[in-house]
Structure formats: C-alpha cells, structure tokens
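Coordinates in review
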Amino acid sequence: ARPAQAAAGEPAVALEPVAAGRDPFQVPAAYRQTDQKAVTQTAGTRPPEGPAATPQALPQLMGTVISDAAGIAILASGNESRSVRIGERFEAYTLVAVDANSAVLDGPGGPTTLRMGR
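All of the points below concern the structure found in this document. Bear in mind that the values here come from a model prediction, so they are computed numbers and not experimental data.

Quick notes on the overall build of the protein
Check the secondary structure of the protein and you find 1 helix and 7 strands. The order of α-helices and β-strands along the protein, N terminus first, is α-β-β-β-β-β-β-β. Buried residues in the protein amount to 19% of all 118 residues. The contacts in the protein between residues at least 6 apart in sequence include a share of 28% that link residues at least 24 apart.

Quick look at the sheet that holds strand 4 (residues 89–90)
As summarised here, the arrangement of the 4 strands in space is 4-5-6-7, forming an open sheet in which the pairing is antiparallel. The two strands at the open ends of the sheet, each matched to only one other strand, are strand 4 and strand 7 (110–115). In terms of strand pairing, strand 4 meets strand 5 (residues 93–98) through 2 bridges, oriented antiparallel. Looking at the pairing, R89 lines up with T94 of strand 5.

Thoughts on the side chain of T94
Tracing the sequence through the fold places T94 in strand 5. For T94, a relative accessible area of 19% translates into the label buried. Beyond its immediate stretch of four places on either side in the chain, T94 contacts G87, E88, R89, V104, L105 and D106.

Description of unusual backbone geometry
With a phi angle near 55°, E91 is a residue other than glycine that sits in the positive phi range. Tracing the sequence through the fold places E91 in the loop between strand 4 and strand 5.

Let's talk about the side chain of S102
With respect to the helices and strands, S102 occurs in strand 6 (residues 102–107). Overall, S102 belongs to the buried group, its relative accessible area being 8%. Among the polar contacts listed, one links the side chain of S102 to the side chain of D99, at a separation of 2.8 Å. In this structure S102 touches L61, T64, T113, L114 and R115, once residues within four positions along its chain are discounted.

Cut-off values and rules
- Along each chain, residue indices are assigned from 1 in the same order as the chain's sequence is written.
- Selection of residues for local features in this predicted model requires a pLDDT of at least 70, selection of side-chain atom pairs for listing and counting requires 80 or more, and totals for whole chains, interfaces and linings are taken over all residues.
- With hydrogens and water set aside, each side-chain value is computed from the structure's full complement of heavy atoms.
- Helix and strand labels come from DSSP, where a helix needs a run of H or I of at least four residues and a strand needs a run of E of at least two; each type is numbered from the N terminus.
- Think of it in three bands: residues with accessible area under 20% of the maximum for their type are buried, residues over 50% are exposed, and the middle band is partly exposed, with areas taken using a 1.4 Å probe on protein chains only.
- A contact between two residues is defined here by any heavy atoms of the two lying within 4.5 Å.
- The criterion for strand pairing is that DSSP finds at least two bridges linking the strands in question.
- Here a polar contact is taken to be a pair of N or O atoms separated by no more than 3.5 Å, where protein atoms must pair a possible hydrogen donor with a possible acceptor and residues adjacent in sequence count only if both atoms sit in side chains.

Purely spatial values, then, with no claim about function.
Following this line, the structure appears as structure tokens:
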C-alpha cells in the first residue's frame, strides 16, 4: 500500500492546530529534564566537585602599555574592562608579565599567556 499523496498546495502531513496561548517552541514536559542527577546519569558522567566545578573564564587582552616604570595590561571580561599593573589581580588572576603583544596571568589553572586579538 502506498501512502496517500497530498493535493497540490496542501501539506503532505496532516498538521494539528496549536492551542491558543501555547508556545509552539516550548519543549514538551515529557522531554524536559531539570534534575541534574538524572541529566548526568543519562550522559554517563558525574558532575564536577570542588574548585573545578565553577571554571573561571579567561579574560581577553585588549591592549598593553610598556614603560620603564611599569607594565600594564588592559583586560576585559564580561562587562568589565580595566587596566591592571604587574602584581595586581583581575578576577581570579594575577598579572605576572607584559610585553608588546601578550600578557601572562597566573590563576587557578597555573600560568596562562594571553595574546592580542585572541
């Protein structure tokens, strides 16, 4: 038996009308999972524990200023952007070195080199 074909201008599949007031893009309740334990069991992993549970995003290097007196990096993260001198902190990181195109930060994962434009 062949499937019935739609007449010209009609959809090939019968569409059901969407109830008024219902968001057609909302995931049906049967497919939603909000329990973190159920989600991680489904994925076959365990949620991270301890300090690694909340990874810190690396700041962006926006610019550097180098003089005889100091090295300064202009760092940005989220809505915050400011100049940081060597030895000062920016979020979870401490600026340890600056050159014309990069800056080295020491943070939770150890030293990290940021480069301009990346």
